[in-house]
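Fold and contact review
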Amino acid sequence: MPALTAVARTAEGFLERASDWDRDLAAELAAESGVGPLTDRHWLVLDYMRNTYLVKGDGPTIRTLGKESGVDIKELYQLFPKGPAKLAARIAGIPKPHGCI
Amino acid sequence: MRHLVILGAGTAGTVMANRLARSLRREIAAGTTRITIVDQDPVHIYQPGLLFIPFGVYTVDQAVRGRAAQLPKAVRYVQSRIESLDTATDTVTLADGEVLSYDLCIVATGTRIVPEELDGLTGAGWGERMFEFYTLEGAERLAKALQEFKGGRLLINVVEMPIKCPVAPLEFAFLADWFFTERGLRDKVSITYATPLDGAFTKPACSRSLAYLLEGKRIALETEFNAGRVDGTAGELVSWDERTLPFDLLVSIPTHKGAEFITRAPGLGNEMGFVLTDPRTLQAKVKPNVFAIGDATDVPASKAGSVAHFEAEVLTGNVLRFLEGKPLEPGFDGHANCFIETGHHKALLIDFNYETEPLPGNFPFAWGPMPLLKESRLNHLGKLAFRHVYWNALLPGHDFPGIPARMKRAGKRFPVATATP
């Protein structure tokens, strides 16, 4: 199991390599960000984010998340307070979404 | 006969029409190539002017000119709404039913604001205590409201990114501080700037300089504020995470989207209607004979006139290469160059690209004359003079001496650790 201290991360705490991620690491990333414990609702979002990234090469925006992840925007903010797209990306082990330019 | 169709005659489309008409003048004269440009309304807006209209610095008349007069005679201008773009058959259908068959199409339809996207924004109070300044009508209504404002809470809110001219909302806050200071009302007006970003601006280095300016001008900064709904009667803007910001006057920068026909064309755009575009060549991802420029693209550069200007130089080269069957050049580096009005006859200047954050230094040459990322009177004069430059040099598609499309490293003070040759 890769411990959080052993993986390379950006200044903002995003994983340098998405391949370093596993579900235990997600729990550590979540705890560090004040999120959790991770429930099925969290995982619905995290799995959706990771799949989108693996298919499209970029994480989804909050707008897509609200429409397609199965969790509406209101709940997204309860699950991942402040910036769901950014926070969930960090916990899902994918790079910071490009949406915020 | 080869047919080039440009959709949209705003900044980017007009510059492309002028550049291509010049580059292809022999082919056009010989009758082997023709260019058509389409736009839905007859007026070309000097968009940086929209920021000044609310404060009475410019009138609407000073910010607009006829569209046709900005276009070359060799290009056919059609005034019509665009119904659809069919990349499978290489055709554009206009609102009146006319069908344009093209060999090469350039999408330059920019962005539009969609205030309906924020729950409550177009409800009670819209145009009375809730305003926008991204349209002529909106800017004029806001001018009247600011004239009549005698004090209270002014709230400026960016609903979501991306927006056109990401510095404009901040400039609005700075100019509001100046406007109310001049009117002797500043102590009666509180100004709050609420943004979904985690800083004042999209670029961290710039955010730090701007945060300092905000503090000096007593503008409260609310970051990571994602507006979920607004109540124009109660005067409350509420975020998705239930933070409430009260206001007497709200200046909203509503959600931006691309042209409607883009969302209807399979594979052309993203969910917001911005064209999926190669960030270096400006070729659309949907098909090789489709290109995109300016605010209409999804490239991770600022949506700004300077970006369109730099892109035009690269795109003209690539259009000509494409027509000759040569490989495209990945020449666009995301270069943007923006004046930021800070009020009191001063302005800041920033120059950056995909990789390089706005840095301090001098522009356009190492010796100056304009300082980067620092307030100065010369920058403000530069911003005012830019209106003439826009109509007489930028729109006609001329290169600016000393300011190439690719961002220059000379004159910028790079942090030692990241400096590369």
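This one's a predicted model, so the numbers in the text were calculated from it and none came from an experiment.

What counts, and at which threshold
Residues numbered from 1 in each chain as written. Chains lettered and ligands numbered in written order. Predicted model: local features only at pLDDT ≥ 70, side-chain atom pairs only at ≥ 80, totals over all residues. Heavy atoms only, no water. Helix = DSSP H or I, 4+ residues; strand = E, 2+ residues; numbered from the N terminus. Rg over C-alpha atoms; globule rule 2.2 N^0.38 Å. Buried < 20%, exposed > 50% of the residue type's maximum accessible area, 1.4 Å probe, protein only. Contact = heavy atoms within 4.5 Å. Areas by Shrake-Rupley, 256 points an atom, 1.4 Å probe, with all protein chains shown as cover. Lys, Arg positive; Asp, Glu negative; His and termini not counted. Charge placed at Lys NZ, Arg CZ, Asp CG, Glu CD. Arc of directions from axis to C-beta. Domains from an automatic or database assignment. Buried area = accessible area lost by both parts, 1.4 Å probe. Salt bridge = Lys/Arg side-chain N within 4 Å of Asp/Glu carboxyl O. Polar contact = N/O pair within 3.5 Å; in protein donor to acceptor, adjacent residues only side chain to side chain. Pairing = 2+ DSSP bridges. Axes fitted to C-alpha atoms, helices over the stretch in contact; angles between N-to-C directions. Core = buried A, V, L, I, M, F, W, Y, C linked by side-chain atoms within 4.5 Å. Left-handed = near helix turned anticlockwise from the far one by under 90°.

**Concerning the overall build of chain B**
The helix and strand tally for chain B stands at nine helices and 24 strands. Taken over the C-alpha trace, chain B has a radius of gyration of 22 Å; the compact-globule value for 421 residues is 22 Å, and the two agree within 12%. Buried residues in chain B amount to 58% of all 421 residues. At a minimum sequence separation of 6, the contacts of chain B that also span at least 24 residues come to 66%. Element-wise, carbon and sulfur atoms account for 53% of the exposed surface of chain B, whose accessible area totals about 16,700 Å². Once the 45 positive and 48 negative side-chain charges of chain B are each reduced to a mean point, those two points are 7 Å apart.

**So, helix α1 (residues 23-32) of chain A**
Since the α-helix advances by 3.6 residues per turn, residues separated by three or four positions end up pointing in the same direction. All names here are of chain A. For α1, the complete set of buried residues consists of Leu25, Ala26, Leu29 and Ala30. The buried residues of α1 occupy one face: seen down the axis, they fall within an arc of 140°. Lining the buried residues of α1 we find α2 (40-56) and α5 (84-91). Glycine 34, located one to two residues past α1, shows a positive phi value of around 75°.

**Thoughts on the domain arrangement of chain B**
Put simply, an interface is often sized by how much accessible area is lost when its parts join up. Residues and elements named next belong to chain B. Once the domains are mapped, chain B shows domain 1 (2-56 + 63-111 + 258-323), domain 2 (114-255) and domain 3 (336-418). Computed over C-alpha atoms only, the centres of domain 1 and domain 2 are separated by 31 Å. Residue-level contacts link 15 residues of domain 1 with 22 residues of domain 2. Counting each side, the surface lost to burial between domain 1 and domain 2 is near 1,600 Å², with a carbon and sulfur contribution of 75%. The tally of links from domain 1 across to domain 2 stands at zero salt bridges. At the junction of domain 1 with domain 2, the criterion picks out two residue pairs in polar contact (both at pLDDT 80 or more).

**Side note on the pairing of strand β16 (residues 236-239) of chain B**
Two faces make up the sheet, and in a regular strand the side chains alternate between them. All names here are of chain B. When strand β15 (residues 227-231) meets β16, the two strands line up antiparallel, connected through four bridges. By the bridge assignment, arginine 229 is partnered in β16 with valine 238. Hairpin connection of β15 to β16: four residues between the antiparallel strands, including glycine 235 at a positive phi of 70°. Bridge count between β16 and strand β17 (residues 244-246): three bridges; the pairing is antiparallel. Bridge pairing in β17 places glutamate 236 opposite proline 246. Connecting β16 to the next strand, β17, in antiparallel fashion are four residues, including glutamate 242 with a positive phi near 65°.

**Regarding the sheet that holds strand β8 (residues 99-101) of chain B**
All names here are of chain B. One open sheet holds the three strands; their spatial order is β6-β7-β8, and the pairing between them is antiparallel. Strands with a single pairing partner mark the edges of an open sheet, and in this sheet they are β6 (82-86) and β8. Direction aside, neighbouring strands of the sheet carry axes that sit 15° apart on average.

**Topic: the nonpolar core**
The biggest cluster of nonpolar side chains holds 104 residues, and the ones touching the most others in it are Ile106, Phe133, Phe172 and Leu210 of chain B. The dominant element in this core, judged by the number of residues it contributes, is helix α5 (residues 168-182) of chain B, at ten residues. Counting 31 residues, the second-largest nonpolar core is a separate cluster that includes Val7, Ala18, Ala26 and Phe80 of chain A.

**Examining the packing of helix α1 (residues 11-23) of chain B against helix α8 (residues 305-323) of chain B**
Residues and elements named next belong to chain B. With their axes 9 Å apart at the nearest point, α1 and α8 run at an angle of 35° to one another. Our pair here, α1 against α8, has a crossing hand that is right-handed. Where α1 approaches α8, its residues Thr11, Ala12, Val15, Met16, Arg19, Leu20 and Ser23 are matched on the opposing element by Gly305, Ala308, His309, Ala312, Glu313, Leu315, Thr316, Val319 and Leu320.

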